[in-house]
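Tertiary structure, described
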Amino acid sequence: AGPCDIYSSGGTPCVAAHSTTRALYSAYTGPLYQVKRGSDGATTTISPLSSGVANAAAQDSFCAGTTCLITIIYDQSGRGNHLTQAPPGGFNGPESNGYDNLASAIGAPVTLNGQKAYGVFISPGTGYRNNAASGTAKGDAAEGMYAVLDGTHYNGACCFDYGNAETSSRDTGNGHMEAIYYGDSTVWGTGSGNGPWIMADLENGLFSGSAVHNNAGDPSISYRFVTAAVKGQPNQWAIRGGNSASGSLSTFYNGARPSASGYNPMSKEGAIILGIGGDNSNGAQGTFYEGVMTSGYPSDATENSVQANIVAAKYAVTSLTSGPALTTGSSVSLRATTACCTTRYITHSGSTVNTQVVSSSSATAPKQQASWTVRAGLGNSGCFSFESKDTPGSYIRHNNFVLLLNANDGSKQFAEDATFCPQAGLNGQGSSLRAWGYPTRYFRHYDNVLYVASNGGVHTFDATGSFNDDVSFVISASFA
Ligand code: AHR
Ligand code: AHR
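Tallying secondary structure elements over the protein gives six helices and 32 strands in all. Taking 480 residues into account, the globule formula puts the C-alpha radius of gyration at 23 Å, and the protein, at 23 Å, falls close to it. A principal-axis box enclosing the C-alpha atoms of the protein has dimensions of 75 × 45 × 40 Å. Buried positions account for 57% of the 480 residues belonging to the protein. When contacts within the protein are restricted to residue pairs at least 6 apart in sequence, long-range pairs at least 24 apart make up 67% of them. Accessible surface for the protein amounts to roughly 15900 Å². Of this, 49% is attributable to carbon and sulfur atoms. Here the protein carries 24 positive and 31 negative side-chain charges, and the mean point of each set is 7 Å from the other.

Around ligand 1, the surrounding shell holds 13 residues, and the nearest of these are D201, E203, N204, G205 and D279. Taking N204, its main chain carries an N or O atom lying 2.9 Å from an oxygen atom of ligand 1. Between ligand 1 and G278 there is a distance of 3.1 Å, counted from an oxygen atom to a backbone nitrogen or oxygen. Taking 280 Å² as the accessible area of ligand 1 by itself, protein coverage stands at 95%. Looking at the shell around ligand 1 residue by residue, the class counts come to four nonpolar, five polar and four charged.

Quick look at the pattern of salt bridges now. Pairing between side chains of opposite charge can happen when the charged atoms of each approach one another. Taken as a whole, this structure holds 15 salt bridges when the rule is applied. Across the pair D150 and R224 runs a salt bridge whose closest N-O atoms are separated by 3.2 Å. One end of the pair, D150, is in strand β10 (residues 143-150); the other, R224, is in the loop between β14 (206-207) and β15 (225-233), and 74 residues separate them in sequence. Note on D150: relative accessible area 7%, which makes it buried. For E178, the salt bridge identified is with R257, shortest N-O distance 2.8 Å. Separated by 79 residues along the polypeptide, E178 in strand β12 (residues 178-183) and R257 in the loop between β17 (250-255) and β18 (271-274) bring together distant segments of the chain. Of the two residues, E178 and R257, neither departs from the other in class, the shared state being buried. A single network of salt bridges, built from pairs that share partners, joins K231, R240, D300 and E303.

As a further point, take the nonpolar core. Of all hydrophobic cores here, the largest spans 80 residues; its most connected members are V120, Y128, Y146, Y162, I198, L274 and Y315. Membership of the second largest hydrophobic core comes to 30 residues, among which are A336, V353, Y438 and V452.

As a structural note, the neighbourhood of ligand 2 is formed by R397, H398, N399, N400, F401, Q413, D417 and Y438. The contact in question runs from an oxygen atom of ligand 2 to an N or O atom on the side chain of H398, over 2.6 Å. The separation between an oxygen atom of ligand 2 and a polar main-chain atom of F401 is 2.8 Å. When isolated, ligand 2 has an accessible area of 280 Å², and the protein chains bury 80% of it. Of all the secondary structure elements, the ones that give two or more residues to the shell around ligand 2 are β26 (394-399) and α5 (412-417).

A cis amide bond links C158 to the next residue, C159, at an omega of -15°. The topology assignment puts C159 in the loop between β10 and β11 (161-165). Cis geometry is adopted by the peptide bond preceding P265, which originates at N264 and carries an omega value of 0°. Take P265: it is sitting in the loop between β17 and β18. The phi dihedral of S169 is positive, around 60°, even though this residue is not glycine. Structurally, S169 can be placed in the loop between β11 and β12.

With that settled, the discussion passes to the state of the cysteines. One pass over the full model with this rule turns up five disulfides. With its sulfur 2.1 Å from that of its partner, C158 forms a disulfide with C159. On the sign convention where negative means left-handed, the S-S torsion of about -100° between C158 and C159 marks this disulfide as left-handed. For the pair formed by C158 and C159, the shared burial category is buried. Between the sulfur atoms of C383 and its disulfide partner C421 the distance amounts to 2.1 Å.

Moving on to the pairing of β11. Burial runs high along β11: five of the five residues are buried. Alignment of β11 against β12, held across four bridges, turns out to be antiparallel. From the neighbouring strand, Y162 faces β12, where its bridge partner is I180. When β11 meets β18, the two strands line up antiparallel, connected through four bridges. Bridge pairing in β18 links G163 to I273.

Moving on to the environment of L433. Position of L433 among the secondary structure elements: in strand β29 (residues 431-435). When the C-alpha positions of L433 and H459 are compared, they lie 19 Å apart, and in sequence the two are 26 residues distant. Once residues within four sequence positions are removed from consideration, L433 is found in contact with L334, F386, F420, C421, P422, R441, Y442, F443 and V471.

Right, let's get into helix α3 (residues 300-313). In this model, α3 (14 residues) spans 20 Å end to end at C-alpha, consistent with the 20 Å of a helix rising 1.5 Å per residue. If you check which residues of α3 are buried, you get T302, E303, V306, Q307, N309, I310 and A313. Buried residues along α3 cover an arc of 160° about the axis, so they all sit on one side. Positive phi appears at K314, one or two residues downstream of α3, with a value of about 55°.

Criteria and thresholds
Residues numbered from 1 in each chain as written. Chains lettered and ligands numbered in written order. Predicted model: local features only at pLDDT ≥ 70, side-chain atom pairs only at ≥ 80, totals over all residues. Heavy atoms only, no water. Helix = DSSP H or I, 4+ residues; strand = E, 2+ residues; numbered from the N terminus. Rg over C-alpha atoms; globule rule 2.2 N^0.38 Å. Buried < 20%, exposed > 50% of the residue type's maximum accessible area, 1.4 Å probe, protein only. Contact = heavy atoms within 4.5 Å. Areas by Shrake-Rupley, 256 points an atom, 1.4 Å probe, with all protein chains shown as cover. Lys, Arg positive; Asp, Glu negative; His and termini not counted. Charge placed at Lys NZ, Arg CZ, Asp CG, Glu CD. Near = heavy atom within 4 Å. Polar contact = N/O pair within 3.5 Å; in protein donor to acceptor, adjacent residues only side chain to side chain. Nonpolar A, V, L, I, M, F, W, Y, C, P; charged D, E, K, R; others polar. Salt bridge = Lys/Arg side-chain N within 4 Å of Asp/Glu carboxyl O. Core = buried A, V, L, I, M, F, W, Y, C linked by side-chain atoms within 4.5 Å. Disulfide = S-S within 2.5 Å. Pairing = 2+ DSSP bridges. Expected span 1.5 Å × (residues − 1). Arc of directions from axis to C-beta.

Here it is, written out as structure tokens:
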């Protein structure tokens, strides 16, 4: 059985079921998600294998030598409640038309029972939505939700959510949302410790219990795979959570609606959001693997069976990198492969990261400026960071998508901005260096300056022309 078979047996059927990793009904054989590739704009759908796990190999072959975005996350419930690129609302997204960004198809690789699959890696600016969903709870009607998330990928911005929200993409008032929130925002509510927490986004408030601010019963929770559940019915709601890889769910809150005005009764509108707030606030980050919304208030017993099903799916980590291996502690130089520039290497001039012509006969200073010590990724040890050879303690990081050489300030933001995941070079040469936190973006030289660029994004440096060449670098032993 799949999670939605279990919810059906419990009398609270799924009315939306989303996953890029597996079928959520044992009999589901339809598409899980659609990807679109950068080379020619073609799309394809990815379906489950006979095991129920997504056919990641089909994605890998369709996307070989180019970039791919997740364009549609299909609803497996049969109601057509698919998730697509979120439109502008109270806030605009970063795309030129105010839409949010789409997720990279390769940002969140995992295995389920040993078979590779990809989750949905939500960077700030990314979001999915369905403002015309059918069958989802409206008003004060009962519903349940769960999601499997990456407990190490979060931030404090508003709002990495999955669940029920406004059909207008605007803040229409307290109680107009009921969604799972995951992250360490402290603006509205907190649980115990420093977070991240599972909370409920009920609009104009992230709630960890009935009180408006701190509810100590809601613990910080950061397993690599987190099961998060929120459910609500008249006069009652609950937060539950656990480790998706083992054990059972705990109840972190179960009780009355918040006493602040507007939350009892609720005024749910029934749209579905992923990765954003009700008003299209899109500063948050997180990773989504699977999740559902139900009709009716699921029993704890039903949710416990769903948790057992998730544990049996055996989510596990897998490599974030491919292509030529990098060795931590080694020193490297990175040579451009675009025809214009094959004698140019990634160097720095002060805090500017650019390319310059360097050779074995160059002076010591330029050789050192073009030499980088490979470190375990400051923000994720499955990837890498590049420390300047001549300025120890300073690393290549992106800021506003421009690469800079900055001293490590010890912050989580810096660590994440300085973490890059090499993969086989998109043009077939060397390596392409994907920004861990923005996996649509790669080291790119553009007018000899280094950026993290996406293939066809809104910035000048995101231009599609010569993208594959500009993002492919041959990495070799360093000059200095
Ligand atoms: O409730 C928190 C956030 O407040 C909602 O997600 C958003 O719509 C509003 O900004
Ligand atoms: O480079 C993109 C983002 O810009 C970085 O993550 C952040 O430091 C800055 O806001």
